[in-house]
Structures are given as structure tokens and as C-alpha cells.
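Chain and residue survey
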Amino acid sequence: AKAGDSAAFQALFLPVRSYARFLSRRYFVSGWDLEDLYQEALAGFAAALFGYEGARDVPFHNYARMSMRNAVVACVRRATRVKRKALTHTTSLEGLEIRAS
């Protein structure tokens, strides 16, 4: 799968696909869609795929699940920081009346 074999990628991804959906439903970020968190889980899977070392006696699927969870949790933490609050909790100015004093 590291070399780009799509069949090998699918074989590795199919067992953890439902876990990626579970993660995207479990966490919440205001203004985000479930698909956004699902994409973060997929990015975690890709990181696991390229960072996995079989010599550590950890099954790949366990490593992939942990990497996916860490990616989603890190994303949620980044998105919900206080300094990012202005970006995630804004109000549209469209439709406000501006009165000259």
C-alpha cells in the first residue's frame, strides 16, 4: 500500500472505515460537517500507513485506529482553542442595518 497499490490500500482501509465514521460522529466542532472530521480520520489513516513499522510488534489495525483517533482529537483541539474562537463563532454582518449617528 505504501508503494501505491490501491488494492492493498483498500484491503487495509476496509476494516477501519466504520471506525472513521464512528470518530466523525463522536466528536463535534461548531460549524463543521461530519464529513470534515471523517476526512481528518482518513488523514490519520494515511499517516499511519506511511509511519507504520512492523518491527514494533503492534498490529497495523490497532496502530491505524490510534493514529486516526489522535488526528481527530488534535483537529478538534485546534479548532476549539480560544484564540480560534473568532473564526468558528462569527456572526454574519450581512443584513445588519447601519445607522449613521
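Predicted model only: the values in this text are computed from it and were never measured.

**Brief notes about the overall build of the protein**
- Of regular secondary structure, the protein possesses four helices and zero strands.
- Nonlocal contacts in the protein, meaning residues at least 24 apart in sequence, comprise 59% of its contacts between residues at least 6 apart.

**Let's talk about the packing of helix H2 (residues 34–51) against helix H3 (residues 60–79)**
- Contact geometry of H2 with H3 gives a least axis separation of 7 Å together with a crossing angle of 135°. Considering their axes alone, H2 and H3 lie oblique with respect to each other. Here the hand of the crossing between H2 and H3 comes out right-handed. Residues Leu37, Glu40, Ala41, Gly44, Phe45, Ala47, Ala48, Leu49 and Gly51 of H2 form the contact with H3, whose own contacting residues are Phe60, Tyr63, Ala64, Ser67, Met68, Ala71, Val72, Cys75, Val76 and Arg78.
- Considering only residue class, the contact of H2 with H3 consists of 14 nonpolar, three polar and two charged.

**Side note on the nonpolar core**
- Membership of the largest hydrophobic core comes to 20 residues, with the highest contact counts inside it found for Leu23, Tyr27, Phe45, Met68 and Val72.
- Within the residue set of this core, elements represented by two or more residues are helix H1 (6–26), H2 and H3.

**Concerning H1**
- With 21 residues, H1 should reach 30 Å at 1.5 Å per residue; the first-to-last C-alpha distance of 28 Å fits that figure.
- At Leu14, H1 shows its maximal kink, close to 45°; a proline, Pro15, follows between one and four residues later.
- Three or more residues of H1 are buried, namely Phe13, Val16, Tyr19, Ala20, Leu23 and Ser24.
- On its buried face, H1 sits against H2 and H3.

**Here's the deal with the environment of Tyr27**
- With respect to the secondary-structure elements, Tyr27 resides in the loop between H1 and H2.
- Look at Tyr27 and you get buried, because its relative accessible area is 19%.
- Between the C-alpha atom of Tyr27 and that of Val72, which follows or precedes it by 45 residues, the distance is 8.0 Å.
- When near neighbours in sequence (up to four residues on either side) are disregarded, Tyr27 contacts Leu37, Arg69, Val72, Val73 and Val76.

What counts and what doesn't
- Residues numbered from 1 in each chain as written.
- Predicted model: local features only at pLDDT ≥ 70, side-chain atom pairs only at ≥ 80, totals over all residues.
- Heavy atoms only, no water.
- Helix = DSSP H or I, 4+ residues; strand = E, 2+ residues; numbered from the N terminus.
- Contact = heavy atoms within 4.5 Å.
- Axes fitted to C-alpha atoms, helices over the stretch in contact; angles between N-to-C directions.
- Parallel < 35°, antiparallel > 145°, perpendicular 65-115°, else oblique.
- Left-handed = near helix turned anticlockwise from the far one by under 90°.
- Nonpolar A, V, L, I, M, F, W, Y, C, P; charged D, E, K, R; others polar.
- Core = buried A, V, L, I, M, F, W, Y, C linked by side-chain atoms within 4.5 Å.
- Buried < 20%, exposed > 50% of the residue type's maximum accessible area, 1.4 Å probe, protein only.
- Expected span 1.5 Å × (residues − 1).
- Bend = angle between axes of the 7 residues up to and from the residue.

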